[in-house]
Structure formats: C-alpha cells, structure tokens
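Letter by letter, the chains look like this.
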Amino acid sequence: MEKSLDDIELWNLLRSGDRTALDRIYNKFFNSLFQYGMRMLQDDDAVYDCMQNLFIKLWVKRERLPDIANLRNYLIFSLRNTITDFRLAENRYEKVEINGEHHFDLKFSVESEYIRKEDSSEKALQLSKAMNDLTPRQKEFIYLKYFEEMDYNEIAEIMDMSIKATYKLNARALEALKQILKIDKALILAILLSLKQ
C-alpha cells in the first residue's frame with residue numbers, strides 16, 4: 001500500500017496536477033463535508049451536487065490554488081461558499097433571511113446521540129428543542145466548535161467574522177441554551193463535549 005501522505009502533501013500534489021491526490025482528498029473529507037453540507041441544505045442530492053462542483057472547481061483551478069495551512073478548514077469554507085452560490089442560483093432560499101442569516105440545521109443527531117449516551121429521553125428532547133431554538137449562526141458555530149472541534153480562529157475564517165465575534169457568538173449560544181434548558185453552562189458544555197465522543 002502507498003505511504004500515507006499528510007494533507008498539505010496531498011494538496012500540493014493536487015496543485016501539481018495529480019488526479020489521484022484529488023480522489024484521495026475527496027475520499028478523506030467526504031463524510032465531514034457531507035455532514036456539514038446537510039446541515040446547510042437538508043437535501044442530499046443538492047449536497048452531492050455542491051460537493052461535486054467544489055471538487056470540479058478545485059481540479060479546473062488546481063494551478064491557481066493557494067497555499068493553505070489546514071485542508072479540512074479550506075474545504076469546509078469552500079463548500080460553504082459553493083452552497084451559498086447554489087442557493088442564490090437555484091432561488092431555493094431567500095437571498096437574505098432575518099438578520100442576513102442562512103438556515104443551519106443542528107437537530108440532526110443530537111437527540112439520538114444524547115439518548116444513546118443518557119437514559120433520559122426527556123433530557124434529549126429538551127436538548128434537541130433547545131438547539132432548534134438557536135439562531136442559524138449559533139447552530140453553525142456549535143457544530144463547528146463542538147462537533148468538528150475547530151478553534152475560534154478557524155471558525156472565524158469559515159464563518160467570515162472576527163475572532164472576537166466568534167467568542168461573543170459562543171457566549172450567546174451557551175447563554176441561550178442555559179435559559180432554555182435552565183441548567184448550568186458547565187453542564188451544557190459537558191453534554192456538548194460528550195456528543196462528539
């Protein structure tokens with residue numbers, strides 16, 4: 001079997017025209033990109049189309065691709081932009097929703113994961129409902145922070161906001177969950193962190 005290459009080596013091979021590197025990047029990041037895309041579109045065919053468009057664009061523009069520090073973050077950021085373009089082109093969503101936010105679904109598996117890890121389905125339903133009451137940007141932040149385990153700098157880059165704003169977004173999301181669930185923020189953090197395990 002061929003030696004395992006790190007992400008930057010794969011990226012540089014893609015940039016130099018290695019089709020196998022493109023395939024390996026696609027296979028390596030497929031699940032992460034698909035899960036992120038589903039939370040934005042809730043339509044698996046549309047997500048597949050956007051992912052295909054992204055990888056076609058990467059191949060076509062391979063010689064002009066930038067140097068990067070983190071391939072996963074670059075791909076998520078690029079998929080986010082591809083989905084935004086898709087939404088506008090297909091007129092499937094309003095161009096600007098309330099507060100300029102897009103839809104982001106975080107109810108996906110919070111309930112089932114929590115039920116599996118905890119015996120109380122009532123608490124799981126409360127957590128699921130609380131997540132649904134967050135704003136789309138708060139949901140997206142929680143997904144990137146607690147499920148994709150990104151740091152504030154990475155999230156700021158992907159969500160096109162300042163680092164200070166990501167800290168505020170985190171505080172507001174946790175405060176909203178605290179108010180909805182009527183439990184301590186430390187317990188909320190423990191639940192969110194346990195979902196990834």
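**Q** Can you explain the nonpolar core? Please cite residues and give values.
**A** Judged by nonpolar contacts, the single largest core of 55 residues is most densely connected at W11, I25, F55, L58, I142 and L144. The greatest single-element share of this core, amounting to 10 residues, is contributed by helix α2 (residues 19–41). In this view, I25 contacts L10, W11, L14, F55, L71 and L75; residues no more than four positions away in its chain are not counted.

**Q** Give me the lowdown on the layout of surface pockets, citing residues and values where you can.
**A** When its volume is computed, the second largest pocket comes out at roughly 180 Å³. Together, L54, K57, L58, K61, R64, L65, P66, Y74, S78, N81, T82 and D85 line the second largest pocket. Among the elements of the structure, α3 (44–60) and α4 (71–90) are those that each provide at least two residues to the lining of the second largest pocket. Among the elements that take part in the lining of the second largest pocket, α4 stands out by supplying 5 residues, more than any other. Per-class residue counts for the lining of the second largest pocket are 5 nonpolar, 3 polar and 4 charged.

**Q** Could you give an account of the pattern of salt bridges, naming the residues involved and the relevant values?
**A** For the structure shown, the criterion picks out 5 salt bridges. Between E148 and R72 there is a salt bridge; the shortest N-O distance is 3.1 Å. Of this pair, E148 sits in the loop between α7 (136–147) and α8 (152–159) while R72 sits in helix α4, and the two are 76 residues apart along the sequence. With respect to class, E148 is no different from R72; both count as buried. The closest approach of N and O atoms between E140 and R80, which form a salt bridge, is 2.7 Å. With E140 in helix α7 and R80 in helix α4, this pair connects stretches of sequence that are 60 residues apart. Overall, E140 belongs to the buried group, its relative accessible area being 0%.

**Q** Could you give an account of a negative patch on the surface, with specific residues and numbers?
**A** Among the surface-exposed residues, D44, D45, D49 and E90 lie close enough to one another that they form a single negatively charged patch. Structurally, E90 is set in helix α4.

**Q** Let's hear about the confidence of the model for the protein chain: which residues, and what values?
**A** This prediction gives the protein chain a mean pLDDT of 80; 78% of its residues lie at or above 70. The weakest mean pLDDT in the protein chain belongs to helix α5 (residues 110–117) at 45; the strongest belongs to helix α1 (residues 7–15) at 94. Taken together, the stretch residues 95–100 has pLDDT below 50 and engages in 3 contacts with residues farther than four places along the chain or on a different chain. Note on residues 107–120: pLDDT is under 50 here. Beyond four places in sequence and across chains, it has 24 contacts.

**Q** I'd like to hear about the packing of aromatic side chains, residue by residue, with values.
**A** Counted by the stated rule, this structure contains 10 aromatic pairs. For the ring pair Y26 and F55, a centre distance of 4.9 Å and an interplane angle of 85° mean the geometry is edge-to-face. One end of the pair, Y26, is in helix α2; the other, F55, is in helix α3, and 29 residues separate them in sequence. One exposure class covers both Y26 and F55, and it is buried. Consider the rings of F30 and Y48, whose centres lie 6.0 Å apart with planes at 20°: the pair is stacked.

Criteria and thresholds
Residues numbered from 1 in each chain as written. Predicted model: local features only at pLDDT ≥ 70, side-chain atom pairs only at ≥ 80, totals over all residues. Heavy atoms only, no water. Core = buried A, V, L, I, M, F, W, Y, C linked by side-chain atoms within 4.5 Å. Buried < 20%, exposed > 50% of the residue type's maximum accessible area, 1.4 Å probe, protein only. Helix = DSSP H or I, 4+ residues; strand = E, 2+ residues; numbered from the N terminus. Contact = heavy atoms within 4.5 Å. 1 Å grid on protein atoms, 1.4 Å probe; cavity = no way out; pocket = protein on both sides within 12 Å on 5 of 7 lines; lining within 4 Å. Points joined across faces, edges and corners; volume = space filled by probe spheres on them. Nonpolar A, V, L, I, M, F, W, Y, C, P; charged D, E, K, R; others polar. Salt bridge = Lys/Arg side-chain N within 4 Å of Asp/Glu carboxyl O. Patch = residues over 30% accessible without salt bridge, like charges linked within 9 Å, V, L, I, M, F, W, Y side chains within 5 Å. Areas by Shrake-Rupley, 256 points an atom, 1.4 Å probe, with all protein chains shown as cover. Lys, Arg positive; Asp, Glu negative; His and termini not counted. Charge placed at Lys NZ, Arg CZ, Asp CG, Glu CD. pLDDT = per-residue confidence, 0-100. Phe/Tyr/Trp six-rings, centres within 6.5 Å; stacked < 30°, edge-to-face > 60°.

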